Amino acid sequence: MRIDDVLARIPKWVTRAQRLAAQLAKDTRFIVAPEVPPTNLFHVYARIDAAEFPKRLEQVARDHKIWVTHGAARARVPGFLDIELQPGADAETLTDDEAVAAMQALL
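My aim in this report is to walk through the structure given alongside it, one point at a time. Just so we're clear, the structure is a prediction, and the values are computed from it rather than from any experiment.

## Quick notes on the side chain of Asp27
Move 1: By the secondary structure assignment, Asp27 is in the loop between helix H1 (3–25) and strand E1 (30–33).
Move 2: Taking relative accessible area as the criterion, Asp27 reaches 11% and is therefore assigned buried.
Move 3: Polar contacts involving the side chain of Asp27 include one to the side chain of Arg29, which spans 2.7 Å.
Move 4: Looking at Asp27, its side chain comes within polar contact range of the side chain of Gln104, at 3.1 Å.

Here's what the structure looks like:
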């Protein structure tokens, strides 16, 4: 993919990140930050055991055919995981509902 092509698509990805963040924030099991992402990258905090997370991620990949994230780490708040989401080119074929369902399946 050429840089000009990517740059032209970024505004659409930012809008998508804002929609996904708003949908995920409706689920009280998630905390989304920033509330309105200024870029296509945002964080979702959830009560997921860090040791269990890789297994759940793989299960979601098997069940939903979606690799939800490439980045997650223990949050500063004990018991929470900080999951980094960055919807871009790889997520363009997914609907918002599919993406949200995949995140909810991690719980």
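That was the structure; now back to the text.
## Re the environment of Phe30
Move 1: Considering the arrangement of structural elements, one finds Phe30 in strand E1.
Move 2: A sequence separation of 34 residues divides Phe30 from His64, and the C-alpha atoms of the two residues are 20 Å apart.
Move 3: With residues up to four places along the chain from it excluded, the contact list for Phe30 reads Leu24, Val44, Tyr45, Ala46, Met103, Gln104 and Leu107.

Calculation criteria
- Residues numbered from 1 in each chain as written.
- Predicted model: local features only at pLDDT ≥ 70, side-chain atom pairs only at ≥ 80, totals over all residues.
- Heavy atoms only, no water.
- Helix = DSSP H or I, 4+ residues; strand = E, 2+ residues; numbered from the N terminus.
- Buried < 20%, exposed > 50% of the residue type's maximum accessible area, 1.4 Å probe, protein only.
- Polar contact = N/O pair within 3.5 Å; in protein donor to acceptor, adjacent residues only side chain to side chain.
- Contact = heavy atoms within 4.5 Å.

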